[in-house]
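# Residue-level structure breakdown
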Amino acid sequence: MVKETKRMKLQVQSEQSQDHTKGGGDDNKQDASCHPRHITLETFHNLLSRYPLTVERVHRSKITLKMQAKAGKGPKRKAETKAELDPSKDKYIQDETDKFLQLDRWRYEALPKVIAERASKVDQKGSGPAGAHLLKEELIDIMEWKTKHGVSRPMLMGMVKSNQVATITNSTSTAFAAIPDADPVVSPNDAFPKASMDALTAPIRGVGPATASLILSIATVFGDAKQQVPFYSDDVYLWLCLMDFPEGQGSKEQKPSKHKKPNGELIAKYNMNEYRDLWNAAQELRARLNDSAGEKSGNGPVSFIDIEKAAYVLRNIAVSDYYANQEPEVGLDIVEDVELANSQLRKESKNDSGEPAMRRSKRMKQEAV
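Residues numbered from 1 in each chain as written. Predicted model: local features only at pLDDT ≥ 70, side-chain atom pairs only at ≥ 80, totals over all residues. Heavy atoms only, no water.

Looking only at helices and strands, the protein chain has 16 helices and zero strands in total. By residue count, 43% of the 369 residues in the protein chain fall in the buried class. The contacts in the protein chain between residues at least 6 apart in sequence include a share of 71% that link residues at least 24 apart. Of the roughly 20,300 Å² of accessible surface on the protein chain, 51% is carried by carbon and sulfur atoms. (Helix = DSSP H or I, 4+ residues; strand = E, 2+ residues; numbered from the N terminus. Buried < 20%, exposed > 50% of the residue type's maximum accessible area, 1.4 Å probe, protein only. Contact = heavy atoms within 4.5 Å. Areas by Shrake-Rupley, 256 points an atom, 1.4 Å probe, with all protein chains shown as cover.)

Dropping the structure here:
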């Protein structure tokens, strides 16, 4: 009888917790609602809807701060942060923002269609490679998107450009053909795309597990849902694996994350084990959200692309307008803090000349993501 009473009490507490995460009609319905194990479909789609505005604001802020950094340093730079830019600079910022948004659409919409079209022409004979694959210029553009969308890692672009055309074409073709068709719910180990990841990371310089997962994610957008691959982005790993996310309207002034370096880089190993953790967590979240949708959702099934974008909004919550009372200036301050820290790290790196060149080269290869 005592055990039954305790079980009933735990059930009631669980139901109350679920009701709290679903939210009510008050202004605090979003509080503590972004935990990946409790986030509702409604909250998820709310975050997802903020992606276009968020990515535009974040990128515009990055360009603005780079221009202000060139204009001066120290107090002079701080004063110019408050000043209005002249029309020519304002036009440059707008043009550069538009270019990145075009690249963003290409990554999410155009390139997946191109790869899908190539896959449908697998039996077509010609001088070019058959089946799904990437061209060298496409991989370069993917790396450009990755370094601009997240934390800048300039060394990766040079490494990618050093690859031979045939290496990229053949390796991506092999990787795409090796994507498992097993059901991740029924056979998670068999569904994990390790062979495809290895086909990309071993021969292509500058491609580690994170970039390999990005390539596979792009290639599987229009394929069978069970074959889709989640991108190992910093944003998704922070949210789903490190449980690093804002927890309510009152947390707009975020504390420095213990999972990130001062310049914004994630403190992670970017290895296959970490990616497997992300892959499992993303599969679990997608399955739960789609199960909760049932026949009521008119938005279609949740994809890994959706999860990736929602995670990006969570990481940049200050500029997303997710919380109604969020001051727009906070977002610029956050990006500025990151840029200032990044600048300091670059100065320290220049002053550190004691590391042998060969050791540095090896480290660059190991840190490729």
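What follows continues from the structure just given.
This paragraph deals with the confidence of the model for the protein chain. The predicted model of the protein chain has a mean per-residue pLDDT of 78, with 67% of residues at 70 or higher. Between residues 76–82, whose pLDDT stays under 50, and residues either more than four places distant or in other chains, the model counts 13 contacts. Every residue in residues 325–367 is under pLDDT 50, and counting partners more than four places away or in other chains gives 43 contacts. (pLDDT = per-residue confidence, 0-100.)

Grouped together as the largest cluster of nonpolar side chains are 77 residues, with contacts concentrated most on Phe44, Leu47 and Trp239. Ranked by residues supplied to this core, first place goes to helix α13 (residues 272–293) with nine residues. Those residues within four positions of Trp239 in sequence are excluded, and the remaining contacts are Cys34, His35, Pro36, Ile39, Phe44, Asp244, Phe245, Leu285, Ile307, Ala310, Ala311 and Leu314. (Core = buried A, V, L, I, M, F, W, Y, C linked by side-chain atoms within 4.5 Å.)

Once that is clear, we can look at the packing of helix α2 (residues 41–49) against helix α14 (residues 304–315). Think of two packed helices as two axes; the pair is described by the angle between the axes and how far apart they sit. Between α2 and α14, the least distance of the axes is 8 Å, while the angle of their chain directions is 75 degrees. Classified by the interaxial angle, the pair formed by α2 and α14 is roughly perpendicular. Within the contact between the two elements, α2 uses Phe44, Leu47 and Leu48 and α14 uses Asp306, Ile307, Lys309, Ala310, Val313 and Leu314. Here the contact of α2 with α14 is composed, by residue class, of seven nonpolar, no polar and two charged. (Axes fitted to C-alpha atoms, helices over the stretch in contact; angles between N-to-C directions. Parallel < 35°, antiparallel > 145°, perpendicular 65-115°, else oblique. Nonpolar A, V, L, I, M, F, W, Y, C, P; charged D, E, K, R; others polar.)

Under the definition given, this model contains ten aromatic pairs. With a centroid separation of 5.5 Å and 90 degrees between ring planes, the pair formed by Phe192 and Trp279 is classed as edge-to-face. In this pair, Phe192 is assigned in the loop between α9 (188–191) and α10 (194–201) and Trp279 in helix α13, connecting sequence segments 87 residues apart. In this structure, Phe192 and Trp279 share a single accessibility class: buried. Ring geometry for Tyr232 versus Tyr237: centroids 5.2 Å apart, planes at 50 degrees, classification tilted. In this structure, Tyr232 and Tyr237 share a single accessibility class: buried. Ring-pair connections join several aromatic residues into one group, and the members of that group are Phe192, Tyr232, Tyr237, Tyr270, Tyr275 and Trp279. (Phe/Tyr/Trp six-rings, centres within 6.5 Å; stacked < 30°, edge-to-face > 60°.)

Structurally, Arg153 is set in the loop between α6 (136–149) and α7 (154–161). Arg153 sits in the buried class, given a relative accessible area of 11%. Within polar-contact distance, the side chain of Arg153 engages the side chain of Tyr270 at 3.1 Å. (Polar contact = N/O pair within 3.5 Å; in protein donor to acceptor, adjacent residues only side chain to side chain.)

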